[in-house]
Amino acid sequence: MNQMIVKEFETYLARFARGPSEMDLRVRGLRAEGHLPTVRGRHAPPVTPLQAAMMILSVVAHRAVEAGSLASRIGALPVVPRADLDIPDGETFAEYLASLISSPAAVAEVPRFHVEIPEDGRFARVVFVDGKSILFTGDQHVRQDLEQMPERYDSTGRHAFERRFYMSRSALADAAHAISSADIGRQVFEDGPPDPELDDASHAREVRD
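Since the structure is predicted, the reported quantities are computational estimates derived from the model, not experimental observations.

Asker: Explain the side chain of Thr-92 here, please?
Answerer: Assignment of secondary structure puts Thr-92 in the loop between helix H4 (67–75) and helix H5 (93–100). On the basis of relative accessible area, Thr-92 is assigned to the buried category, the value being 17%. Of the polar contacts made by the side chain of Thr-92, one reaches the backbone oxygen of Gly-75; its length is 3.4 Å. Ignoring anything within four residues of it in the chain, the contact list for Thr-92 reads Gly-75, Ala-76, Leu-77, Pro-78 and Phe-136.

Asker: Looking at this structure, how should I read the nonpolar core?
Answerer: Soluble globular proteins tend to bury their nonpolar side chains together. In this structure, Phe-9, Phe-93, Ile-134 and Leu-172 are the most contacted members of the largest nonpolar core, which totals 61 residues. Per-element tally for this core: the top contributor is helix H8 (residues 169–181), with 7 residues. Residue contacts for Ile-134: discarding those within four places in its chain leaves Val-79, Leu-85, Ile-87, Tyr-96, Ala-124, Arg-125, Val-126, Phe-128 and Tyr-153.

Asker: Help me out: how do you make sense of the environment of Ser-102 in this one?
Answerer: Checked against the element boundaries, Ser-102 lands in the loop between H5 and helix H6 (104–108). By relative accessible area, Ser-102 is classed as partly exposed at 41%. Within the structure, Ser-102 has its side chain in polar contact with the backbone oxygen of Ser-99 (distance 2.9 Å).

Asker: Just to check I follow, could you spell out the pattern of salt bridges for this structure?
Answerer: Oppositely charged side chains are able to pair whenever their charged atoms sit close together. Per the counting criterion, the structure on display carries 11 salt bridges. The closest approach of N and O atoms between Lys-7 and Glu-10, which form a salt bridge, is 3.1 Å. Residue Lys-7 and its partner Glu-10 are located together in helix H1 (residues 6–13), separated by 3 residues, close to a single helical turn. Owing to a relative accessible area of 5%, Glu-10 belongs among the buried residues under this scheme. Between Asp-154 and Arg-82 there is a salt bridge; the shortest N-O distance is 3.0 Å. Here Arg-82 lies in the loop between H4 and H5 and Asp-154 lies in the loop between helix H7 (140–148) and strand E4 (164–168), a separation of 72 residues in the sequence.

Asker: I would appreciate a short explanation of the pairing of strand E3 (residues 133–137) in the present structure.
Answerer: Looking along a regular strand, one sees the side chains alternate between the two faces of the sheet. With 5 of 5 residues buried, E3 lies mostly within the body of the structure. Residues Ser-133, Leu-135 and Thr-137 of E3 are buried on one face, and the alternating residues Ile-134 and Phe-136, pointing to the opposite face, are buried as well. As judged from the 5 bridges shared by strand E2 (residues 123–128) and E3, these two strands associate in the antiparallel manner. Paired with Arg-125 across the two strands is Leu-135, which belongs to E3. Between E2 and the antiparallel strand that follows it, E3, lie 4 residues; Gly-131 among them carries a positive phi value of about 95°.

Asker: I tried to follow the packing of H1 against helix H2 (residues 20–32) on my own but got confused; where do I start?
Answerer: For any two helices packed against each other, one specifies the crossing angle of their axes together with the interaxial distance. For the pair H1 and H2, interaxial distance at closest approach is 9 Å and the crossing angle is 135°. Here H1 lies oblique to H2, going by the angle between them. Regarding H1 and H2, the two cross each other, and that crossing is right-handed. Touching Val-6, Lys-7, Glu-10 and Leu-13 of H1 are Pro-20, Met-23, Asp-24, Val-27 and Arg-31, all from H2. Residue classes in the contact of H1 with H2 are distributed as 5 nonpolar, no polar and 4 charged.

What counts as what
- Residues numbered from 1 in each chain as written.
- Predicted model: local features only at pLDDT ≥ 70, side-chain atom pairs only at ≥ 80, totals over all residues.
- Heavy atoms only, no water.
- Helix = DSSP H or I, 4+ residues; strand = E, 2+ residues; numbered from the N terminus.
- Buried < 20%, exposed > 50% of the residue type's maximum accessible area, 1.4 Å probe, protein only.
- Polar contact = N/O pair within 3.5 Å; in protein donor to acceptor, adjacent residues only side chain to side chain.
- Contact = heavy atoms within 4.5 Å.
- Core = buried A, V, L, I, M, F, W, Y, C linked by side-chain atoms within 4.5 Å.
- Salt bridge = Lys/Arg side-chain N within 4 Å of Asp/Glu carboxyl O.
- Pairing = 2+ DSSP bridges.
- Axes fitted to C-alpha atoms, helices over the stretch in contact; angles between N-to-C directions.
- Parallel < 35°, antiparallel > 145°, perpendicular 65-115°, else oblique.
- Left-handed = near helix turned anticlockwise from the far one by under 90°.
- Nonpolar A, V, L, I, M, F, W, Y, C, P; charged D, E, K, R; others polar.

As structure tokens, this is what we get:
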């Protein structure tokens, strides 16, 4: 089975990055940050789940010229531990996202969820249908506050009025299928915030206002 290379995954993601030329700028930023291989063309290696995760994160930035640095910052956010999380302490958001899209089966094993990231990239959150969440942030004040008041874990930052990027489990499953099979497949991004009542056929969404 053929696997996608970076250029093919770039084409796959261009549909929600305002077109191929803008996605190309975002990918250039990732290369400048050292996240993607410099080898291209017929000798280009298959895109890895971690590289694909960083490419997805490059779309969070409102401006393409900021995509590489913002994706680096978001990807490096460490998980905020709590007792009931089955995630290694210190795991980063990019590593967690990569584990989800490492195969279609991997993301299918996770209960229904969506990912939300504020435009400034100060945290990333995986929100499950039951209201529980996994929080990633390097903000030491937030981490210290949650050590003292763990009951606030699932509500921290949830109600702030700000621009956020949203992605559903269905969209990540599509990405997992794409990088494993080189099958670009169906469109995965639409406008508007995620509706918690939507089923797993809901797609990724980007909210700018």
